[in-house]
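Fold and geometry: a report
The primary structure of each chain is shown beneath.
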Amino acid sequence: MDWSNVTAEDLVEALREVDWSSPPRPFSEFFSRFTVPRSVSKWNSRVKCNLYYYRTNYFIMIVFILGMGFLRRPLAIVAALMTALSIAFLNDSFAATFSEKVTRTVRQFSPHLAAKMRPPLTPVIRGRPSARRAIYICGRPRWVFVLVFSTVSFILWFVSCAALTVLWAFAIGLLATLAHASFRVPNLKARLNTFREEFRSVWRNYSEL
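This structure is a prediction, so every number in the text was calculated from the model and none was measured.

This part covers the UniProt feature "transmembrane region" (unreviewed entry) in the protein. Mapped onto this numbering, the UniProt entry annotates "transmembrane region" (unreviewed entry) at residues 52–71, 77–98, 142–159 and 165–183. Across residues 52–71, helical content stands at 85% and strand content at 0%; the span's end C-alpha atoms are separated by 30 Å. For residues 142–159, the end-to-end C-alpha separation is 26 Å, with 100% helix and 0% strand making up the annotated structure.

Inspection of every chain in the model, using the stated rule, returns twelve aromatic pairs. The interplanar angle of 75° and the centroid separation of 6.0 Å between the aromatic rings of Phe27 and Phe31 together place this pair among those described as edge-to-face. For the ring pair Phe89 and Phe94, a centre distance of 5.8 Å and an interplane angle of 50° mean the geometry is tilted. Given a relative accessible area of 0%, Phe89 falls into the buried group. Given the relative accessible area of 28%, Phe94 is considered partly exposed. Taken together, Phe27, Phe30, Phe31, Tyr53, Tyr54 and Tyr58 form an aromatic cluster joined through their ring pairs. Sitting above the plane of the Tyr53 ring, Arg25 keeps its charged end 3.9 Å from the centroid. Over the aromatic face of Tyr52 sits the side chain of Arg55, whose NZ or CZ is 5.0 Å from the ring centroid.

Moving on, we come to the environment of Val106. For Val106, the location among the structural elements is in helix 6 (residues 92–109). Assessed through its relative accessible area of 19%, Val106 is described here as buried. Distance from Val106 to Met117, taken between C-alpha atoms, is 9.2 Å for residues eleven residues apart in sequence. In this structure Val106 touches Pro111, Leu113, Ala114 and Met117, once residues within four positions along its chain are discounted.

Before going further, it helps to spend a moment on the pattern of salt bridges. Following the criterion strictly, the structure yields two salt bridges and no others. In this structure, the salt-bridge partner of Asp92 is Arg142, at a minimum N-O distance of 2.7 Å. Taken together, the positions of Asp92 in helix 6 and Arg142 in helix 8 (residues 142–160) put the pair 50 residues apart, joining distant regions of the chain. Here Asp92 matches Arg142 in class, with each residue buried. Residues Arg104 and Glu100 are paired through a salt bridge, measuring 2.6 Å at the closest nitrogen-oxygen approach. Placement of both Arg104 and Glu100 in helix 6 is noted, with a separation of four residues, approximately one turn of the helix. Given the relative accessible area of 44%, Arg104 is considered partly exposed.

The rules behind the values
- Residues numbered from 1 in each chain as written.
- Predicted model: local features only at pLDDT ≥ 70, side-chain atom pairs only at ≥ 80, totals over all residues.
- Heavy atoms only, no water.
- UniProt positions renumbered as here; feature names shortened; annotations may be inferred.
- Helix = DSSP H or I, 4+ residues; strand = E, 2+ residues; numbered from the N terminus.
- Phe/Tyr/Trp six-rings, centres within 6.5 Å; stacked < 30°, edge-to-face > 60°.
- Buried < 20%, exposed > 50% of the residue type's maximum accessible area, 1.4 Å probe, protein only.
- Lys NZ or Arg CZ within 6 Å of the ring centre and 35° of its normal.
- Contact = heavy atoms within 4.5 Å.
- Salt bridge = Lys/Arg side-chain N within 4 Å of Asp/Glu carboxyl O.

Now the structure itself:
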């Protein structure tokens, strides 16, 4: 994949649709080889490639840095987790997996309640869905969970008085992510991974015709 032709909107859309349940890359690979990019275009392509390939590692690193900043504020840790969940719900794969696991757990205690948590069926016309499939979490639209978790996290941030702390910790996490993505040389696995995702994207568009 030619990452120089990938826009920021395309990268955000890919990160929203991609599966985030994959385990993080090993530390030996994550901290393997670093060089200074030769040009701005090389740096641009390298950052986009690494952000996509090491997405789980970057997410864990930012959460770890936030956790270190909130050791003396337990309520802020809960607020950070609520914020992370509200952001994670924006990813299609995470939302579907979370809904499936919660529904499966509820089914063990109340099958009747679990039946109500199923998403509504999408009408099919001529073998194809009549509209783009909406994402539901436990039988409710995704925006409901995003709104509830975001509101609760905002209240917890306000009560814990840790807004300045989270801004500093989040800024450090973003700077660390940007520094790693800028100097980490994409390896063969990263390139093969991007080729595989590009094939999936093309095949998805072909299947929708």
